[in-house]
Amino acid sequence: AAVSLGVGFAIACLFYQQEFNFVIEPMRAMLPKGQTLIYTEPTEALMLYVKIAVIAGILIASPGVMAQVWLFVAPGLYSHEKKMAIPFVLVSSLFFIAGAAFAHYYVFPLTFKFFGSFSSDSITFMPRIEPAFGLYMKLILIFGAIFQMPTVVALLARLGLVTARFMWRNFKYAFFAIFIIGAVLSPGTDPVGQIAMAGPMTVLYLISILFAW
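Residues numbered from 1 in each chain as written. Predicted model: local features only at pLDDT ≥ 70, side-chain atom pairs only at ≥ 80, totals over all residues. Heavy atoms only, no water.

A.B. asks: Is there a simple way to think about the overall build of the chain in this case?
C.D. replies: Counting secondary structure elements, the chain contains nine helices and zero strands. Moving toward the C terminus, one meets the helices and strands of the chain in the order α-α-α-α-α-α-α-α-α. Here the chain holds 213 residues, and the buried ones make up 40% of them. Contacts in the chain between residues at least 24 apart in sequence constitute 83% of all its contacts with a sequence separation of at least 6. Summing over all exposed atoms, the chain offers an accessible surface of approximately 12,200 Å²; the carbon and sulfur share of this is 72%. The chain carries 12 positive and 8 negative side-chain charges, and their two centres are separated by 17 Å. (Helix = DSSP H or I, 4+ residues; strand = E, 2+ residues; numbered from the N terminus. Buried < 20%, exposed > 50% of the residue type's maximum accessible area, 1.4 Å probe, protein only. Contact = heavy atoms within 4.5 Å. Areas by Shrake-Rupley, 256 points an atom, 1.4 Å probe, with all protein chains shown as cover. Lys, Arg positive; Asp, Glu negative; His and termini not counted. Charge placed at Lys NZ, Arg CZ, Asp CG, Glu CD.)

Laid out in structure tokens, this is it:
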């Protein structure tokens, strides 16, 4: 898995400028006209490029990482269960990328706009790139992990550890737990981020029931 991440990072470094523009765009779009992000430390901008390459490298390496996860689990499975290897790697990778895309295009702009809405004549929103990207990175990784729910549930259902009937019968408890988890995992304390996290988790839970079925 570490080798996969290293190769992914190396590939991502070749396209760092395109990746930088892609990441910065939703941040820049939420700022007032003519305003830009700022940095106050000498190494801050350089480290931003490195961190963006790390995130892109994780996305590129996700099939290799998921393959290693499968190889870790596979020795404990029967031969007919091992046939799930390719579907598991493909589906888990696609869901991780889908979660990251959802955070990039929807959740982060919504959260960033909410924080910027408190500007007034007395205070001006001038975000630094370090904390802004820190928020972005947390959302990308959290939603990438959250979107693994259907894949994990499908695997557990295949092993006989959960059933669609059990999940549907306990939906009201799961719904309550999802909003608590959303509040805990949300990088900010804002209700917008918590709802933006709990909503997709509820939909993913319902999709997971279908996967289990």
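A.B. asks: Would you explain helix H8 (residues 171–185) in this entry?
C.D. replies: Residue pairs spaced three or four apart in an α-helix point in one direction, given the helix's 3.6 residues per turn. The end-to-end C-alpha distance of H8, which contains 15 residues, comes to 20 Å, matching closely the 21 Å that a straight helix rising 1.5 Å per residue would cover. Buried residues of H8: Ala174, Ile178 and Gly182, and no others. Axial view of H8: buried residues confined to an arc of 80°, hence all on one face. Opposite its buried face, H8 presents the exposed residues Lys172, Tyr173, Phe176 and Val184, each directed more than 90 degrees away. (Expected span 1.5 Å × (residues − 1). Arc of directions from axis to C-beta.)

A.B. asks: Looking at this model, I keep getting lost on helix H5 (residues 129–146). Mind explaining?
C.D. replies: When the terminal C-alpha atoms of H5 are compared, their 25 Å separation across 18 residues agrees well with the 26 Å that a helix rising 1.5 Å per residue should span. Within H5, burial applies to Ile129, Ala132, Phe133, Gly134, Leu135, Tyr136, Leu139, Ile140, Ile142, Phe143, Gly144 and Ile146.

A.B. asks: Mind showing me how you'd approach the environment of alanine 45 here?
C.D. replies: Within the secondary structure layout, alanine 45 lies in helix H3 (residues 44–73). For the pair formed by alanine 45 and isoleucine 129, sequence separation is 84 residues and the distance between their alpha carbons is 7.5 Å. Beyond its immediate sequence surroundings of up to four residues, alanine 45 is in contact with Tyr39 and Ile129.

A.B. asks: So what exactly am I meant to see when it comes to the pattern of salt bridges here?
C.D. replies: Once their charged atoms are close, side chains differing in charge can pair, the charge on each being opposite to the other. One pass over the full model with this rule turns up three salt bridges. A salt bridge links glutamate 130 to lysine 51, with the shortest nitrogen-to-oxygen separation between them at 2.5 Å. In this pair, glutamate 130 is assigned in helix H5 and lysine 51 in helix H3, connecting sequence segments 79 residues apart. Residue glutamate 130 is classed as partly exposed on the basis of its relative accessible area, which comes to 28%. (Salt bridge = Lys/Arg side-chain N within 4 Å of Asp/Glu carboxyl O.)

A.B. asks: Explain the side chain of histidine 104 here, please?
C.D. replies: Its location among the elements puts histidine 104 in helix H4 (residues 85–116). If sequence neighbours within four positions are ignored, histidine 104 has contacts with Phe22, Val23, Pro26, Pro109, Tyr136 and Ile140.

A.B. asks: Just checking my understanding: could you explain the environment of cysteine 13 for this structure?
C.D. replies: By secondary structure assignment, the location of cysteine 13 is in helix H1 (residues 2–13). Residue cysteine 13 is classed as partly exposed on the basis of its relative accessible area, which comes to 32%. Each C-alpha atom of the pair cysteine 13 and valine 152 lies 31 Å from the other, and the pair is 139 residues apart in sequence.

A.B. asks: Help me understand a nonpolar patch on the surface in this model?
C.D. replies: A cluster of nonpolar side chains, contributed by Val3, Val7, Ile11, Leu14, Phe15 and Ile60, occupies part of the molecular surface with about 570 Å² of accessible area. The leading source of residues in the nonpolar patch is H1, at three residues. By secondary structure assignment, the location of isoleucine 11 is in helix H1. (Patch = residues over 30% accessible without salt bridge, like charges linked within 9 Å, V, L, I, M, F, W, Y side chains within 5 Å.)

All we've got here are geometric facts, nothing functional implied.
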